[in-house]
Amino acid sequence: MESGMRVMMWWVMVFLMIGRLSLGSTYLEQYNQLIEGLDLREAIADRSGETYPWSGVDHRNIELMDQAAREIECHRKGDFELTLIDSNGNAFEGGVEIEQVGHAFKFGANSWDFSQHPDAFSHASESLRKLFNSANVCNYLNEWWRELDEPYGNWSKVRQELEWCGQLDLEPRFHIIQYVHMKKPGWWRELDSEEKLWEFYTKRVADVADQFEGEFFEYDVMNEMIHWPYWFKKYDGAQYGMTNLFAFDWMRVPENGAMVVRQAREYLPDAKLVVLETGIWNRHPENTFAREIHAYFKRLIELDAPFDVIGYQGRYEPKGVGSVKTGKHSAGERMYFMESVDAGLEWFSELGKEMAVTEFSMPSRRLNEGANPDDIGADRNELALWVANFHILAFSKPYINQVTWWNVFRREMGWIDAGLINRDGSLTEVGQVMDELINRRWHTRWAGEIEAGRQHFRGFYGDYLIRVEGHEPQKVRFVKGAVRQVVVLD
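Sequence order sets the numbering: in each chain, residues are counted from 1 along the sequence as written. Since the coordinates come from a predicted model, pLDDT governs what is reported: local features require at least 70, and pairs of side-chain atoms require 80 or more to be given and counted, while whole-chain, interface and lining totals use all residues. Just so you know, side-chain values use all the structure's heavy atoms and leave hydrogens and water out.

K.L.:
Account for the packing of helix α8 (residues 155–167) against helix α9 (residues 194–212), naming residues and giving values.
P.N.:
Lines fitted to C-alpha atoms define the axes, with helix axes restricted to the stretch in contact, and inter-axis angles between N-to-C directions lie between 0 and 180 degrees. Helix numbering and strand numbering both begin at the N terminus, where a helix is a DSSP run of H or I of at least 4 residues and a strand a DSSP run of E of at least 2. Put simply, α8 and α9 touch, their axes get as near as 12 Å, and they point 40 degrees apart. Judged on the interaxial angle alone, α9 and α8 are oblique. Here α8 and α9 pass one another in a crossing that is right-handed. Counting all contacts with α8, which are made through W155, V158, R159 and L162, the residues of α9 involved are R204, D207, V208, Q211 and F212. Residue polarity follows a fixed list, in which Ala, Val, Leu, Ile, Met, Phe, Trp, Tyr, Cys and Pro are nonpolar, Asp, Glu, Lys and Arg are charged, and the others, Gly among them, are polar. Class assignment for the residues of the contact of α8 with α9 results in five nonpolar, one polar and three charged. For classification purposes, an angle smaller than 35 degrees is called roughly parallel, one larger than 145 roughly antiparallel, one from 65 to 115 roughly perpendicular, and anything else oblique. Each crossing gets its hand from how the near helix is turned against the far one by less than a right angle, where anticlockwise is left-handed and clockwise is right-handed. Contact definition: two residues touch when any of their heavy atoms are within 4.5 Å.

Written as structure tokens, this is what we have:
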């Protein structure tokens, strides 16, 4: 009898879960009209792919996006219980407003963009607060040692960006500890042996740990281990007149990369450590970069390299792409469609690590000086919808913890569609769509009368503000594993 009751209760729970996931769970029910007046139904149903607008979602991947909508409901929301008591311990009864004011998921900005574009930053406080809750703080080689034997990090610039993060309530992440490949000073030529290179690495990680241990929610340890040897031969060797490939080739060996990660763990024992790479990650057979990167991460894990997060830059600038609708040979004609993006994310998730999108760059037309922008087969509304779909897909993955943007502000030159904020501080088409997602579609608010001091509701994981007339507002955090909160009213 008791066994039968347990079975019956199990089936009741299953049916309740199925019912919960099925209610309002299709992509078009949840995410149509992200841009007012743009109905996606005809475009998705059109098998020719010619109906406006394009968004990276069509009849071939709509089931995937339906699944993403259901997975968001499952993985990014919880059933919460709020208990309110007065200072005497009595259960409160009366009117209450419960409103989400922040996400547990990290929506990140690149604070390097703040210092690169100070005029735009000065106008952008309101927009930055709307869209972001974290920020990437950069510290590159040209801001490190002026002389090889003199530790120096230009920490004043990092401190300035940390101050901005504090003013804007952005949680900071550090980029990057060991990245010796950008704007190399003359002494780079001297790093031509493992002993010399390792001495440099030790000085660098010790300096970062001494200055900033515990100040960032995660630290990028090393970056672009696979790509830089290719890029050096193509660009930097000619630019700097250097033939020294030793450091690039050394880091490209996973056994050496594992040594670098172990060293970072020694100096930052309690930190969340990230190893990241760039490129388009999908499973197209001609995508040799992605296969090399996957093999590198797999070998790091086999070697027990103590890092926590696989970092995916997510750089989708259309270099060598004639149209986002037709892609390119090395990554496939559907490289910008969501099933291709999904396949890459799922492939790397099989390695068993948490993942972060750390330098997201959207598809954009490119404007060279004196030239008209190239045509990549999509206008700004379509590109904004693509960005939304990428975030919907990423937000649905329980193993992804963030999407951090590389280009925050729209440029007049270069990638002219990229960015969420215009130079006057207003939101671009992309920024408006992300505002719609973060602050309306993925937003929870409940208001009503509480009885016996307790209220159950379902919402997105994150921070909530509790408002009760006659009392000071109070903030609580509902996250996985902490879905019950008690508030004593002041």
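K.L.:
Break down helix α12 (residues 254–267) for me, with residues and values.
P.N.:
For a helix, the expected span equals 1.5 Å multiplied by the number of residues minus one. The end-to-end C-alpha distance of α12 is 20 Å, a good match for the 20 Å that 14 residues give at a rise of 1.5 Å each. The elements touched by buried residues of α12 are α9, β6 (219–223), α11 (246–251), β7 (273–277) and α13 (288–302).

K.L.:
Give a description of the nonpolar core that names residues and reports values.
P.N.:
Core analysis: the largest hydrophobic core is formed by 152 residues, its most contacted members being L84, F132, M222, F297, F360 and I421. In terms of residue count, the dominant contributor to this core is helix α15 (residues 380–395) (11 residues). In this view, L84 contacts N90, A91, F92, V96, I450, G453, I466, V468, V487 and L489; residues no more than four positions away in its chain are not counted. Within this scheme, the nonpolar core is defined by two criteria: the residues are buried Ala, Val, Leu, Ile, Met, Phe, Trp, Tyr or Cys, and they are joined through side-chain atoms within 4.5 Å. Per-residue accessibility, obtained with a 1.4 Å probe over protein chains only, is compared with the maximum for each type, and a residue is labelled buried under 20%, exposed over 50%, and partly exposed between these values.

K.L.:
Quick rundown of the packing of α12 against α13? Include the residues and the values.
P.N.:
It is at 9 Å that the axes of α12 and α13 come closest, and there the two elements cross at 55 degrees. Classified by the angle between their axes, α12 and α13 sit oblique to one another. Between α12 and α13 the crossing geometry is right-handed. Contacts from P254, E255, G257 and A258 in α12 reach Y296, R299 and L300 in α13. Split into classes, the residues belonging to the contact of α12 with α13 amount to four nonpolar, one polar and two charged.

K.L.:
Quick one: what's the story with unusual backbone geometry, residue by residue and with numbers?
P.N.:
Cis geometry is adopted by the peptide bond preceding P53, which originates at Y52 and carries an omega value of 0 degrees. One can find P53 in the loop between α3 (41–45) and α4 (62–75). Put simply, H175 and I176 share a cis peptide bond, and its omega is 10 degrees. Relative to the elements of secondary structure, I176 occurs in the loop between β5 (171–175) and α9. The phi torsion at D169 lies on the positive side, around 60 degrees, for a residue other than glycine. Its location among the elements puts D169 in the loop between α8 and β5. In this model, A452 sits at a positive phi of 55 degrees, which is unusual for a non-glycine residue.

K.L.:
Explain the pattern of salt bridges to me, using residue names and the numbers behind them.
P.N.:
The rule for a salt bridge is simple: a side-chain nitrogen of Lys or Arg has to be within 4 Å of a carboxyl oxygen of Asp or Glu. Applying the stated criterion across every chain yields a total of 35 salt bridges. Notably, a salt bridge pairs E215 with R159, separated by 2.9 Å at the nearest N-O pair. Taken together, the residues E215 in the loop between α9 and β6 and R159 in helix α8 connect sequence positions 56 residues apart. On the basis of relative accessible area, R159 is assigned to the partly exposed category, the value being 33%. One salt bridge connects R477 with D463, and the closest N-O pair in it is separated by 2.5 Å. With R477 in strand β16 (residues 474–478) and D463 in strand β15 (residues 462–467), this pair connects stretches of sequence that are 14 residues apart. For R477, a relative accessible area of 46% translates into the label partly exposed. In the salt-bridge network here, residues are joined through shared partners; they are E73, K77, D79 and R458.

K.L.:
Residue-level account of the sheet that holds strand β2 (residues 94–103), with values.
P.N.:
Strands are labelled as partners when DSSP assigns at least two bridges between them. Read across the sheet, four strands follow the order β13-β2-β15-β16 without closing on themselves; strand pairing throughout is antiparallel. Edge positions in the sheet fall to β13 (445–450) and β16, since each of these pairs with one other strand and no more. Mean inter-strand twist for the sheet, computed between neighbouring axes without regard to direction, equals 25 degrees. Across six bridges, the pairing between β2 and β15 is antiparallel. Residue pairing across strands places E99 opposite L465, the latter belonging to β15.

K.L.:
If you had to explain the packing of aromatic side chains to someone new, which residues and values would you point to?
P.N.:
Geometry of aromatic contacts follows a simple scheme: Phe, Tyr and Trp rings, the Trp one being its six-membered ring, pair when their centres are within 6.5 Å, and the pair is stacked under 30 degrees between planes, edge-to-face over 60, tilted otherwise. Using the criterion set out here, one finds 48 aromatic pairs in the structure. Taking the centre distance of 6.1 Å and the plane angle of 35 degrees together, the rings of F174 and F212 count as tilted. Placement of the pair is F174 in strand β5 and F212 in helix α9, with a sequence separation of 38 residues. Since its relative accessible area comes to 0%, F174 is described here as buried. According to the relative accessible area criterion, F212 is buried, its value standing at 0%.

K.L.:
So what's going on with the confidence of the model for the chain? Residues and values would help.
P.N.:
Scored between 0 and 100, pLDDT is the confidence that the predictor attaches to each residue. Per-residue confidence for the chain gives a mean pLDDT of 90, with 88% of residues at or over 70. Low pLDDT (under 50) marks residues 5–23, which in the prediction has six contacts with non-local residues, meaning those over four places away or in another chain.

K.L.:
Can you tell me about the sheet that holds strand β1 (residues 77–85), naming the residues and giving the values?
P.N.:
With mixed pairing, the three strands of this open sheet are ordered in space as β14-β1-β17. Only two strands of the sheet have a single neighbouring strand rather than two, namely β14 (454–460) and β17 (484–488). Each strand axis lies, on average, 30 degrees off the axis of its neighbour in the sheet, ignoring direction. The pairing of β1 with β14 spans seven bridges and is classified as antiparallel. Bridged to G78 within β14 is G459. Sitting on the sheet, α4 is in contact with β1 and β14, with an inclination near 30 degrees to β1.

K.L.:
Give a description of the pairing of β1 that names residues and reports values.
P.N.:
With seven of nine residues buried, β1 is to be regarded as a mostly interior element. Two elements, β1 and β17, share five bridges in a ladder whose sense is parallel. Bridge pairing in β17 places T83 opposite V486.

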